[in-house]
Structures are given as C-alpha cells and as structure tokens.
Amino acid sequence: MASGVAKISISLPRDLAKALARRVGARSVSEFAARAIRHELEHERLGALLGELDENLGPVAPGVLEEARAAWRKS
Amino acid sequence: MAEVLILDAEALSALAHATARSVAAARARAILAVAHEHRALVRVPSAVLAEVCRGGARDAAVNRVLASGAIAIVNLDAAIARRAGALLAAAKMSSAHAVDAFVVATAAALGRAIVATGDPDDIGRLAAREPHVSVYAL
C-alpha cells in the first residue's frame, strides 16, 4: 500500500452526503470513505480473479458451490 | 454469517496452483466465490507466507494471486501473537502448531470469520474457544 495521503474532492448526492454525516460525523469521512473504497476495489478484483480461474479451469461444479454456500450460512 | 474469509497455507496454495482436477482447488474456488457473493473480505495471515513462500519458482504463482489485489495480508502483531499463544495453551498443543494458531487468532481478531484450511482437525481444535470462527475443510 502506498504511504501518505492524497487530498481529493468528491461530489455526492445531497441525501447520501447527509446520511454519511449522520453516520460518521465530519472528521471521520475520509476514514469511512477509504474503508468503503478499499472494500469495493477488493470486491471487484476478487470478481476478476474468480473470472480468470473460471476461464482457465472451467466452472466449479454446482454441488461443490452449494456445499460452500451451506458452510457459509452456518458460519 | 462470516464477514471475512481467511486462507491458510493449503487454501492459498490450492488457489495459486489450481488445476481443473484438484478437489482442494475446486473447494477453495467455491468458498472464494461464496465470499464474493457475500461481499466478504479475503485475508491471509502474514505467518502463512512462511509456509508458502520458500524463495523458489513456486512462489511466482502465490505472488500472482496476492498481487491481484483481491486478497490482503494481515500482519501479525503482539495482540494476535498473544491470542495465538493462549489458543495453543487451551488446546494443549505445542509451538509446532504456531502458524495454525496465528491463523485462528487472526480470524478471531477480524470478527466473524470462516477459515478455509487443509487441516480442519488442528484448526478446529484451536478454534473451539473462538465462537465467531468457523472452519471450512478443503
């Protein structure tokens, strides 16, 4: 992870900005946004990694996927 | 339900060296896909790198998975190490299982987590006292 911070300005729909301020207060917006953005980027990259594996190896058998879903539901 | 998926050495290796015929790779891909469905984070405790990165040519595949940006490494800190020690003591297991204990302690530190592992017996023993950590066998 690169060190340091970069200051950026973003525009949000008014209702979202209000909800954000209510949720975290003005001072923690950067921390909240950093966490949300990191999470979203990781989610996208995980999708890409899974797509790559599917492309190279073929899809995972539905039964194996169902077992994994059941394990997750129990967690 | 879990919010984090933790990969142990065998889970990370199974993904890095995945083949179409490998059962472990299919199960590892399946739990990774389910983590994605739940928008969960995927994490590798740093101690696991000692087991999978041996400085040889096989490291390249592991490095490729980690460089995807889909999976982040969680550094071992003093609190996690102490928690791991307590888990080893409670399970009456020796330091030979230190990396397994780091895996479970890292999972516990991150909240509700599921550990994908090639060693469900030892990980399960260590996780017995961590109610928010569950085990998924490859």
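The structure we're discussing is the one just above.
All values derive from a computational prediction rather than experimental measurement.

Chemist: Help me understand the overall build of chain B, please; the structure alone is not making it clear to me.
Modeler: Helix and strand counts for chain B stand at seven helices and five strands. The helix and strand sequence of chain B, counted from the amino end, reads β-α-α-β-α-α-β-α-α-β-α-β. In summary, chain B has a C-alpha radius of gyration of 14 Å against a globular reference of 14 Å for 138 residues, a match within 12%. Dimensions along the principal axes, computed over C-alpha positions, put chain B at roughly 40 × 35 × 25 Å. Looking at chain B as a whole, 49% of its 138 residues are labelled buried.

Chemist: Looking at this model, I keep getting lost on the interface of chain A and chain B. Mind explaining?
Modeler: By a frequent convention, interface size equals the accessible area lost on bringing the separate parts together. The interface of chain A with chain B comprises 24 residues on the first partner and 25 residues on the second. Contributing elements (two or more residues each) for the side of chain A that touches chain B: helix H2 (29-57) and helix H3 (62-74) of chain A. By residue number, the principal contributor to the side of chain A that touches chain B is H2(A), which donates 11 residues.

Chemist: It is not clear to me how the nonpolar core should be interpreted in this structure. Could you clarify?
Modeler: Soluble globular proteins tend to pack their nonpolar side chains together in the buried interior. All names here are of chain B. Counting 60 residues, the largest nonpolar core has Leu5, Leu12, Ile31, Val42, Val104, Val115 and Ala116 as its most contacted members. Looking at this core, the element that brings in the most residues is helix H2 (residues 23-37), giving nine residues. With sequence-adjacent residues up to four places away left out, Val104 is seen in contact with Leu87, Val115, Ile123, Leu126, Ala127, Glu130 and Val133.

Chemist: It is not clear to me how the packing of helix H5 (residues 78-90) of chain B against helix H6 (residues 98-109) of chain B should be interpreted in this structure. Could you clarify?
Modeler: To describe two helices that pack against each other, one gives the angle between their axes and the distance between the axes. All names here are of chain B. At a minimum axis distance of 8 Å, the contact between H5 and H6 shows a crossing angle of 115 degrees. Of the two possible hands of crossing, H5 and H6 adopt the one that is right-handed. For the pair H5 and H6, the contacting residues are Ile80, Arg83, Ala84, Leu87 and Leu88 in the first and Ala98, Ala101, Phe102, Val104, Ala105, Thr106, Ala108 and Ala109 in the second.

Chemist: Just to check I follow, could you spell out helix H1 (residues 9-16) of chain B for this structure?
Modeler: Residue and element names in this part refer to chain B. Most of H1 is tucked away: six of the eight residues are buried. Turning to H1, its buried residues are Ala9, Ala11, Leu12, Ser13, Ala14 and Leu15. Contacts from the buried residues of H1 go to strand S1 (4-7), H2, strand S2 (41-45), helix H3 (49-52), helix H4 (59-67) and strand S4 (113-117).

Chemist: Could you clarify how one ought to interpret the packing of H1(B) against H4(B) in this entry?
Modeler: Residues and elements named next belong to chain B. Viewed as axis vectors pointing N to C, H1 and H4 meet at an angle of 95 degrees, and their least axial separation amounts to 9 Å. As far as their axial angle goes, H4 and H1 are roughly perpendicular. Between H1 and H4, the residues in contact are Leu12, Leu15 and Ala16 and Ala61, Val62 and Val65, respectively. When the residues that make up the contact of H1 with H4 are grouped by side-chain class, the tally is six nonpolar, no polar and no charged.

Chemist: Which parts of the structure should I look at to understand unusual backbone geometry?
Modeler: One can expect most non-glycine residues to show negative phi and most peptide bonds to be in trans. The phi dihedral of Arg39(B) falls on the positive side, at around 55 degrees, and the residue is not glycine. Examined against the element boundaries, Arg39(B) turns out to sit in the loop between H2 and S2.

Chemist: Would you mind showing me how to read the environment of Leu15(B) here?
Modeler: All names here are of chain B. Here Leu15 shows up in helix H1. With 11 residues separating them along the chain, Leu15 and Ala26 place their C-alpha atoms 8.6 Å apart. Those residues in contact with Leu15 that sit more than four places away from it in its chain are Ala25, Ala28, Arg29, Leu32 and Val65.

The rules we used
- Residues numbered from 1 in each chain as written.
- Chains lettered and ligands numbered in written order.
- Predicted model: local features only at pLDDT ≥ 70, side-chain atom pairs only at ≥ 80, totals over all residues.
- Helix = DSSP H or I, 4+ residues; strand = E, 2+ residues; numbered from the N terminus.
- Rg over C-alpha atoms; globule rule 2.2 N^0.38 Å.
- Buried ≥ 20, exposed ≤ 12 C-beta atoms within 10 Å, placed from the backbone.
- Contact = placed C-beta atoms within 7 Å.
- Core = buried A, V, L, I, M, F, W, Y, C linked by C-beta atoms within 7 Å.
- Axes fitted to C-alpha atoms, helices over the stretch in contact; angles between N-to-C directions.
- Left-handed = near helix turned anticlockwise from the far one by under 90°.
- Parallel < 35°, antiparallel > 145°, perpendicular 65-115°, else oblique.
- Nonpolar A, V, L, I, M, F, W, Y, C, P; charged D, E, K, R; others polar.

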